[in-house]
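Chain residues, written in single-letter form:
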Amino acid sequence: MKKFIANAYLWTLLTLVYAPIAIIFIFSFTEAKVLGTWTGFSTNLFTNLFEGAGGAELNNAIYYTLLIALIAATVSTLLGSLAAVGIYNMRARMKRVTIFLNSIPMINPDIITGISIFMLFVFLGISRGLLTIVLSHIAFCTPYVVLCVMPRLAKMNPNIYEAALDLGANPLQAFRRVLLPELWPGMISGFILSVTLSIDDFAVTLFTKGSSSIDTLSTYIYADARKGGLTPELRPLSALIFLTVLILLLVINYRAKNKKS
């Protein structure tokens, strides 16, 4: 009975989590304007999405979402990796304090982060737009990169880097040929996580985009829902984003499993 209850609880939880995603997948293959109405199997929504028939606003939202996510993820991966190396080489007490401070932005609610960054830009007199969105996304993505890279440093033999220096390599060569290959898996994980977080973010983007016409997918969907409905092309777009993330996770896990074996 205990095993039955445990399995029932697990499958109920999984159903609640994945049922909305399954509904999105199913109704991506129909042209119904209203979600929940089936008008027959069709792939026209996918065709409309790739041909840009969803409207200029949706196309711009997709463009800015990808642009901001890639820029923020790239910069935060570089900053977070360098920060992780610096934190790792700190003294024990300072290291614990810095790791604690790095954890605060991840625990902090997005709404508080968005308001804080908004007030900072207002105080500094910076006009809000694309630049402020990118900077804010870099700010909240970087701590996650640090969290991804730190375990790789903990597993690494610290004497390898020093040995490279003793054998004649300069610090840049030792970093590029010795340290970077060890950190690379953590950096890739941090980059993928940063892209996902940036695409998913709503609160911070809403507060930092100002009155500009720039919209990401999250703010576009919010504005679209307030009009009384959602653009049908959002359904196949959501399905494709989920599939992309799922494939990336499967590839990463597969590679990690092969390395262990």
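This is a predicted model, so every value here is computed, not measured.

Before going further, it helps to examine the pattern of salt bridges. Any two side chains of opposite charge can pair, on the condition that their charged atoms come close. According to the stated counting rule, one finds one salt bridge in the structure shown. One salt bridge in this structure joins Asp215 and Lys209, with 3.7 Å as the shortest N-O distance. Using a relative accessible area of 22% as the deciding quantity, one classes Asp215 as partly exposed. When its relative accessible area of 12% is taken as the criterion, Lys209 is described as buried.

Across all of its chains, the model carries seven aromatic pairs by this definition. Ring centres of Phe25 and Phe242 lie 5.9 Å apart, and the angle between their planes is 80 degrees; this geometry places the pair in the edge-to-face category. Residue Phe25 is found in helix α1 (residues 2-26), and its partner Phe242 is found in helix α11 (residues 234-260); the two are separated by 217 residues along the sequence. Residue Phe25 is classed as partly exposed on the basis of its relative accessible area of 22%. Members of the aromatic cluster, each reached through a chain of ring pairs, are Phe29, Phe41 and Phe46.

Okay, the nonpolar core next. Membership of the largest hydrophobic core is limited to twelve residues, which are Ala84, Val85, Ile87, Val145, Val146, Val149, Met150, Leu153, Met156, Leu179, Leu183 and Met187. Contributions of two or more residues to this core are made by α3 (56-88), α6 (130-155) and α8 (171-200). Ignoring anything within four residues of it in the chain, the contact list for Met187 reads Thr77, Ser81, Val149 and Leu180. With eight residues, the next largest nonpolar core counts Ala61, Ile62, Leu217 and Leu237 among its residues.

This part is about the domain arrangement of the chain. On domain assignment, one finds that the chain holds domain 1 (1-54 + 233-261) and domain 2 (59-232). Computed from C-alpha coordinates alone, the two centres of domain 1 and domain 2 are separated by 26 Å. For the pairing of domain 1 and domain 2, the buried interface totals around 1100 Å² over both sides, and the portion due to carbon and sulfur atoms is 70%. Where domain 1 meets domain 2, there are zero salt bridges. Listing elements by their share of the side of domain 1 that touches domain 2, those giving two or more residues are α2 (44-51) and α11. With nine residues, the top contributor of residues to the side of domain 1 that touches domain 2 is α11.

Rules and cut-offs
Residues numbered from 1 in each chain as written. Predicted model: local features only at pLDDT ≥ 70, side-chain atom pairs only at ≥ 80, totals over all residues. Heavy atoms only, no water. Salt bridge = Lys/Arg side-chain N within 4 Å of Asp/Glu carboxyl O. Buried < 20%, exposed > 50% of the residue type's maximum accessible area, 1.4 Å probe, protein only. Phe/Tyr/Trp six-rings, centres within 6.5 Å; stacked < 30°, edge-to-face > 60°. Helix = DSSP H or I, 4+ residues; strand = E, 2+ residues; numbered from the N terminus. Core = buried A, V, L, I, M, F, W, Y, C linked by side-chain atoms within 4.5 Å. Contact = heavy atoms within 4.5 Å. Domains from an automatic or database assignment. Buried area = accessible area lost by both parts, 1.4 Å probe.

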